Amino acid sequence: MTAPALAGGAGPRSSERDLTLQFGPVSAQATLSLPAGAAKAPLVLLIAGTGPEDQNGSYSVSAGQVVQGSLGALAQHLSQAGFAVMRFDKRYAAGTFQPQTAQAAFTEYGKLGMTDLLADARTALNAAKQQPRVDASKVFIYGWSEGSVIASSLALETNASGLIVQGPVVDSFADSFANQFERVGLAYLQPYSKDGKIDLKGVLAALYGNGSGLAKTEASLLFSLESTPQKPMLSTLLDTNKDGLIDLKAEALPQIRQFYQQFTPQSPMYAPATTLPTLGELASRLKLPVLIMQGENDGNIDPAAAQRLDDALGAAGNADHTFKLYAGLGHSLGLSPAITQDTFAPMQSGPMNDMAAWLTQRSR
């Protein structure tokens, strides 16, 4: 642990403590942000989303590009509001940012199950609770996207004071992935198709169009597994009638849904023995205070799913559940003009203020 370092901002000065945690066979870096003053502060644990993200929610993509996350800014915002905030690199995340170690790090991360990620989050929480100036009797857990699943299980396990989920995974993982193609993929590919059918030229054009990374990933699903940059080929599995066109709704959508139903149970992350229940499965057990934060233009999660979660909490007798829907914001609660252009922009101050206010009311 290093000496505290001052963190700037408009509010009261806060400090940060750097920690090193042991996650299985590897070490990971974490940061505890503390509010000004000497009193003990309620704890908020931040859990990042899908993939080997660092403690700020940033992640590495191809060609060394990094998509910046907002969890560092959120931690500082909440610490200035009076909370101790713990955030941590996910296992193997640090290695993915270095060209010489990226391939091996991604490979090792791919062997993990959701239960491994829960164990890491538990380690981070226990380390934070042992730090000076942390009030271990008041613990709130925040989870973003796939992190909402981990956060929910950890909140139940530890009898947390409250749970915050942002862009929560409500449906099964297989259905959630398939719904991304139905919502984002079909909407993005439609302009490149004719009468709902797309050819190879249309798919190639979509890859260079004005879309988010997710939108272009959905387009790439229409390529053959034997396709290469030098010789792109349309998927013959999706072109079921072999006419050189893929009918997006009649051919692609059913096949992709079937693919995810078959693929997901074979992945270590989502296999029955190593996964965790989604929010839809846990709703009846979540009796603690719950804040649901959802962007209206979220490309990854359908706002209707977040609304169903809120309804399920009410139906199960949860007396303290709040649903916040933000117009014009996406999965990161940053600006997003449309679901096909949700690029994980920096989180806006409005949701951060709402989160701080909700936490303050429930930590008195």
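Residues numbered from 1 in each chain as written. Predicted model: local features only at pLDDT ≥ 70, side-chain atom pairs only at ≥ 80, totals over all residues. Heavy atoms only, no water.

Draft legend 1. Here's a closer look at the overall build of the protein. Scanning the protein from N- to C-terminus turns up 12 helices and 13 strands. Relative to the globule expectation of 21 Å for 364 residues, the C-alpha radius of gyration of the protein, 21 Å, shows essentially globular dimensions. Judged by the C-alpha coordinates and their principal axes, the protein covers about 70 × 50 × 40 Å. Going through the 364 residues of the protein one by one, you find that 52% of them count as buried. Sequence-distant contacts, at least 24 apart, represent 67% of the contacts inside the protein between residues at least 6 apart. (Helix = DSSP H or I, 4+ residues; strand = E, 2+ residues; numbered from the N terminus. Rg over C-alpha atoms; globule rule 2.2 N^0.38 Å. Buried < 20%, exposed > 50% of the residue type's maximum accessible area, 1.4 Å probe, protein only. Contact = heavy atoms within 4.5 Å.)

Draft legend 2. Expanded view of the UniProt feature "domain: Serine aminopeptidase S33" (unreviewed entry) in the protein. Listed under "domain: Serine aminopeptidase S33" (unreviewed entry) in the UniProt record, and renumbered for this structure, are residues 71–333. Structurally, residues 71–333 is divided into 44% helix and 14% strand, and its ends, taken at the C-alpha atoms, are 11 Å apart. (UniProt positions renumbered as here; feature names shortened; annotations may be inferred.)

Draft legend 3. Expanded view of the environment of Leu-237. For Leu-237, the position within the fold is in the loop between α8 (213–220) and β11 (246–247). Setting aside anything within four residues of it in sequence, one finds Leu-237 in contact with Lys-242 and Gln-255.

Draft legend 4. Structural view of the packing of aromatic side chains. Using the criterion set out here, one finds 10 aromatic pairs in the structure. Look at Phe-177 and Tyr-260: their rings are 5.6 Å apart centre to centre, the planes differ by 45 degrees, and that puts the pair in the tilted class. Residue Phe-177 is located in helix α6 (residues 173–189), and its partner Tyr-260 is located in helix α9 (residues 248–263); the two are separated by 83 residues in the primary sequence. Tyr-260 carries the same exposure label as Phe-177, and that label is buried. Among the aromatic residues, those joined into a cluster by ring pairs are Phe-173, Phe-177, Phe-259, Tyr-260, Phe-263 and Tyr-270. (Phe/Tyr/Trp six-rings, centres within 6.5 Å; stacked < 30°, edge-to-face > 60°.)

Draft legend 5. Spatial organisation of the pattern of salt bridges. All told, the structure shown has 8 salt bridges when counted by the stated rule. The partner of Glu-157 in a salt bridge is Arg-122, and the shortest N-O contact between them spans 2.5 Å. In this pair, Glu-157 sits in helix α5 (residues 146–158) while Arg-122 sits in helix α4 (residues 114–129), placing the two residues 35 residues apart along the sequence. Residue classification places Arg-122 among the partly exposed residues on the basis of a relative accessible area of 29%. With its nearest N and O atoms 2.7 Å apart, the salt bridge here joins Arg-308 to Asp-171. With Arg-308 in helix α11 (residues 303–315) and Asp-171 in the loop between β9 (162–166) and α6, the pair connects residues that are 137 residues apart, well separated along the chain. Taking relative accessible area as the criterion, Arg-308 reaches 40% and is therefore assigned partly exposed. (Salt bridge = Lys/Arg side-chain N within 4 Å of Asp/Glu carboxyl O.)

Draft legend 6. α5, seen in detail. Taking 1.5 Å as the rise per residue, α5 with 13 residues should run 18 Å; its terminal C-alpha atoms sit 19 Å apart, in good agreement. Along α5, 10 of the 13 residues are buried, which leaves the element largely enclosed by surrounding structure. Within the sequence span of α5, burial applies to Glu-146, Gly-147, Ser-148, Val-149, Ile-150, Ala-151, Ser-152, Ser-153, Leu-154 and Ala-155. Residues of α5 that are buried in the fold lie against β4 (41–47), α4, β8 (134–144), β9, α6 and α10 (279–282). (Expected span 1.5 Å × (residues − 1).)

Draft legend 7. Representation of the confidence of the model for the protein in the model. Mean pLDDT over the protein: 94, with 96% of residues reaching 70 or higher. Confidence drops under pLDDT 50 across residues 1–10; counting only partners more than four residues distant or on other chains, this segment forms 24 contacts. (pLDDT = per-residue confidence, 0-100.)

Draft legend 8. Layout of the environment of Gly-209. Summarising the element assignment, Gly-209 is placed in the loop between α7 (200–207) and α8. A C-alpha to C-alpha distance of 30 Å links Gly-209 and Pro-351, two positions 142 residues apart in sequence. Discounting chain neighbours no more than four positions away, the residues touching Gly-209 are Tyr-188, Tyr-192 and Lys-216.

Draft legend 9. Structural view of the pairing of strand β7 (residues 84–88). Burial analysis of β7 places 5 of its 5 residues in the buried class, which makes it a mostly covered element. By the alternation rule, side chains of β7 split into Ala-84, Met-86 and Phe-88 and Val-85 and Arg-87, which are all buried. Across 4 bridges, strand β3 (residues 26–34) lies against β7 in antiparallel orientation. Bridge pairing in β7 places Leu-32 opposite Met-86. (Pairing = 2+ DSSP bridges.)

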